[in-house]
Amino acid sequence: MTAEEVVNEGNSIPIEGEDITPKKDGGVLKLVKKEGTGTELPMTGDKVFVHYVGTLLDGTPFDSSRDRGEKFSFELGKGQVIKAWDIGVATMKIGEISQLVCKPEYAYGAAGSPPKIPPNATLVFQVELFEFRGEDITDGEDGGIIRRIITKGEGYTKPNEGASVEVFLEGRHDDQVFDERELKFEVGDGENLGLPPGVEKALQAMEQGEEALFTIKPKYGYGAAGSDKFNIPPGATLQYKIKLKAFEKAKESWEMNSIEKLEQSTIIKEKGTQYFKEGKYKQAAVQYKRIVSWLESESSLQGEEEEKAKALRLAAHLNLAMCYLKMHEPNLTLENCDKALELDTNNEKALFRRGEALVVMKEFDRARADFQQVTQLYPANKAAKSQIVVCQKHLKEQHEKDKRLYANMFQKFADRDAKKEVEHDKKPNGTMMEMGENGAQEQTAA
């Protein structure tokens, strides 16, 4: 049976089909008109693409995506459509066409949807499912982490950075399980446990009790390096089944008073420093960023407490700059050095680290200026003096390279002009030389 035959079966619509409501209250009856293919069904959160025709029980049409010539899409189980659709489409296979008879409590209820749908109306939909795909949970929706929910969680809150989580996870690559564990840890510490960044990103999108499948591309997995520990090759796409059993959110900035922010920032600073000493620069940076987020807009502190907050912010930016230097991210180093210098105009570490970042970026003039400022303010800083020598060496090399480049350019121009002169001299008075019959050169008019 074709989609058109299903849509145009006639105006008399019998109320029949299988009761597919969880309560078995007859609220949604499903009658399959055309079988779909495969065995896979869409999951909660999947984006589904359908065509539909909606009619009243007497056959009066009130809405049709087919008339508009454009498929309709929505995220399943998110309350974006009437309850009957969330229930009905979740039971369909690709290519399936089904009739859904929807009682008012699963459609538009006592209010209806004037002017086309009257109050307390039972509705009939002919729905064809074309496609479904998982939910992209990355910030830029780059397809790097795709979620498919097996069991929906409870509530609306989700773990944040620093939250304590209790999880069960199973990691697969090429259908082989490489990691299966129950874990308790703080979000941000996952790398210490051998977890790829995508797992922690996934956890921050989950609700308590949720179980879901995640497809994690290399960017959010083990990247170009792979993982020796789990025998994962470079550039591998991973699959994780994760159940978030329980979690306790870390306090957000707005949940703490000023004194709590200061106390927590001191604790977090020490935690970040420990990570840094262990060479775990990414985890250290996470801790220092929390200090910045808590204190940068705090305006209620005064006196000694204000000075303490300023010192913590300064330390956080300086330490972030050092972390980003280690992580080969000079632009972020530069940004944090500038922030530190806003707090302390002549800070030795900020000037020096900014100079180091500029060297990496090959901006030797600006780098030398920073190192020179350090030596003027802090004459005992031998490292800055050494860096000035390094910058001058690079600038000299660049100067010599430029001289050679320009010299070659000028020589090419000179050679070209000389060649033109020679060619011009071979054509006196606008004549050209030709060979005569006897082989001798003769002049003829051009």
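Along each chain, residues carry numbers from 1 onward, in the same order as the chain's sequence is written. In keeping with the predicted nature of the model, local features appear solely for residues at pLDDT of at least 70, side-chain atom pairs appear and are counted solely at 80 or more, and the whole-chain, interface and lining totals rest on all residues. Side-chain calculation: all heavy atoms of the structure are included, whereas hydrogens and water are not.

J.: Tell me what's going on with the overall build of the protein chain, and back it up with residues and numbers.
T.: Each helix corresponds to a stretch of at least 4 residues labelled H or I by DSSP, and each strand to a stretch of at least 2 residues labelled E; elements are numbered beginning at the N terminus. On a plain count of helices and strands, the protein chain comes out with 11 helices and 15 strands. Across the 446 residues that make up the protein chain, the buried fraction comes to 41%. Here the contacts in the protein chain between residues at least 6 apart in sequence split such that 63% fall between residues at least 24 apart. The cut-offs for exposure are 20% and 50% of the maximum accessible area for each residue type, with area from a 1.4 Å probe on protein chains only; residues under the lower value are buried, those over the upper are exposed, and the others partly exposed. Here, residues are in contact when the closest pair of their heavy atoms is within 4.5 Å.

J.: Any details on the pattern of salt bridges? Residues and values, ideally.
T.: Here, a salt bridge means any Lys or Arg side-chain nitrogen found within 4 Å of an Asp or Glu carboxyl oxygen. A complete count under the given rule lists 26 salt bridges for this structure. Among the salt bridges present, the one from Glu210 reaches Arg147, with a minimum N-O distance of 3.0 Å. Taken as a pair, Glu210 in the loop between helix H4 (197-203) and strand S12 (211-216) and Arg147 in strand S9 (residues 145-151) lie far apart in primary sequence, 63 residues in all. Of the residues examined, Glu210 reaches a relative accessible area of 2% and is grouped as buried. Given the relative accessible area of 5%, Arg147 is considered buried. As a salt-bridge pair, Lys280 and Glu278 come within 3.1 Å of each other at their nearest N and O atoms. Overall, the relative accessible area of 27% leaves Lys280 in the partly exposed class.

J.: Any details on the nonpolar core? Residues and values, ideally.
T.: Counting residues in each nonpolar core, the largest one holds 30 residues, and the members touching the most others are Leu203, Phe214, Tyr240 and Ile242. Elements that contribute at least two residues to this core include exactly S9, strand S10 (164-173), strand S11 (176-186), H4, S12 and strand S13 (238-248). In terms of residue count, S13 provides more of this core than any other element does, 5 residues in total. Dropping the residues within four chain positions of it, Ile242 is found in contact with Phe168, Leu169, Val199, Ala202, Leu203, Met206, Glu210, Glu211, Ala212 and Phe214. For our purposes a nonpolar core is just a set of buried Ala, Val, Leu, Ile, Met, Phe, Trp, Tyr and Cys residues, chained together by side-chain atoms within 4.5 Å. One finds Val48, Met92, Cys102 and Leu123 within the second-largest nonpolar core, a separate group that totals 27 residues.

J.: Tell me about helix H8 (residues 330-343), and please be specific about residues and values.
T.: A helix is expected to reach a length of 1.5 Å times the quantity of its residues less one. Helix length check: H8, at 14 residues, gives a terminal C-alpha distance of 20 Å against a target of 20 Å (1.5 Å per residue), a fit within 8%. Buried within H8 we find Pro330, Thr333, Leu334, Asn336, Cys337, Ala340, Leu341 and Leu343.

J.: Please give an account of the sheet that holds S13 that cites residues and values.
T.: Any two strands with at least two DSSP bridges between them are considered paired. Within the open sheet, the 6 strands sit side by side as S8-S9-S12-S13-S10-S11. Their pairing is antiparallel. Among the strands making up the open sheet, the edge pair consists of strand S8 (135-136) and S11. Pairing of S8 with S9, which is carried by 2 bridges, proceeds in the antiparallel orientation. The residue bridging Asp136 from the neighbouring strand is Ile146, located in S9.

J.: So what about unusual backbone geometry? Which residues, and what values?
T.: Cis geometry is found at the peptide bond from Pro114 to Pro115, where omega equals 5 degrees. In this structure, Asn120 is a non-glycine residue whose phi angle is positive, near 55 degrees. Following the sequence through the fold, Asn120 ends up in the loop between strand S6 (97-102) and strand S7 (123-133). The backbone phi angle of His328 is positive, close to 60 degrees, even though this residue is not glycine. You can see His328 is positioned in the loop between helix H7 (303-326) and H8. Given the relative accessible area of 70%, His328 is considered exposed.

J.: A description of the environment of Gly88 should follow, citing residues and the corresponding values.
T.: If you trace the backbone, Gly88 turns up in helix H3 (residues 83-89). Judged by relative accessible area, Gly88 falls into the buried class, the value being 0%. Put simply, Gly88 and Ile20 are 68 residues apart on the chain and 7.2 Å apart in space, counted from C-alpha to C-alpha. Residues within four places of Gly88 in sequence aside, it is in contact with Ile20 and Leu100.

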